Amino acid sequence: MSAAATQRKIRVVVAKPGLDGHDRGAKIIARALRDAGMEVIYTGLHQTPEQIVETVIQEDADAVGLSILSGAHMTLVPRIVKLLAEQGIDDVLVTVGGTIPTDDIAPLKELGVAEVFTPGAPTQDIIDFIRSAVEAARVGGSDSVV
């Protein structure tokens, strides 16, 4: 059996933190990731950072995609990153999508966000980024199904 055949599917939590009530983009991304062969767990609207981190833990996620259109990304993302660190979770890829001002991208990456996708980002770019980043992380560890 090849190494690719023994690896489990990439598991991605797609989450809408905060009071943002618009989830069309998150649903489009969730469907695109699923169509690309990933297992997607969509948390729904109005999730707290604590709920999102709990879902990441319960679902043994490889990645979490945070969709934020409300402008609260500089409050919510640091809280989620901090909660992940407090739980000892340092192997989950964190991405952010939504209406993120260019000036906020570098500070988000300094917090540990792997990539920020702004409106108009091709879904294939998001798929390719998550796939390559998770596969690269797996090469460093042993995440094969035995």
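This section reports on the structure supplied with the text. Since we're looking at a predicted model, the values are computed, not measured.

As summarised here, the arrangement of the five strands in space is β2-β1-β3-β4-β5, forming an open sheet in which the pairing is parallel. What marks the edges here is a single partner per strand, and that holds for β2 (39–42) and β5 (115–117). When the angles between neighbouring strand axes are averaged without regard to direction, this sheet yields 20°. Along the sheet face, helix α4 (residues 73–86) touches β3 (63–68) and β4 (93–98) and points at about 160° away from the line of β3.

Compared with an ideal rise of 1.5 Å per residue, which puts 12 residues at 16 Å, helix α2 (residues 24–35) spans 16 Å between its outermost C-alpha atoms and is within 8% of the ideal. Those residues of α2 that sit buried are Ala-26, Ala-30, Ala-32 and Leu-33. Considered in projection along α2, the buried side chains sweep an arc of 165° and stay on one side of the axis. Exposed residues lying more than 90 degrees from the buried face of α2 are Arg-24, Arg-31 and Asp-35. Packed against the buried residues of α2 are β1 (11–15), β2, β3 and α6 (123–140). Backbone geometry just after α2 places Gly-37 at a positive phi near 95°.

So, how was this worked out
- Residues numbered from 1 in each chain as written.
- Predicted model: local features only at pLDDT ≥ 70, side-chain atom pairs only at ≥ 80, totals over all residues.
- Heavy atoms only, no water.
- Pairing = 2+ DSSP bridges.
- Helix = DSSP H or I, 4+ residues; strand = E, 2+ residues; numbered from the N terminus.
- Axes fitted to C-alpha atoms, helices over the stretch in contact; angles between N-to-C directions.
- Contact = heavy atoms within 4.5 Å.
- Expected span 1.5 Å × (residues − 1).
- Buried < 20%, exposed > 50% of the residue type's maximum accessible area, 1.4 Å probe, protein only.
- Arc of directions from axis to C-beta.

Don't take any of this as a statement about function, it's just geometry.
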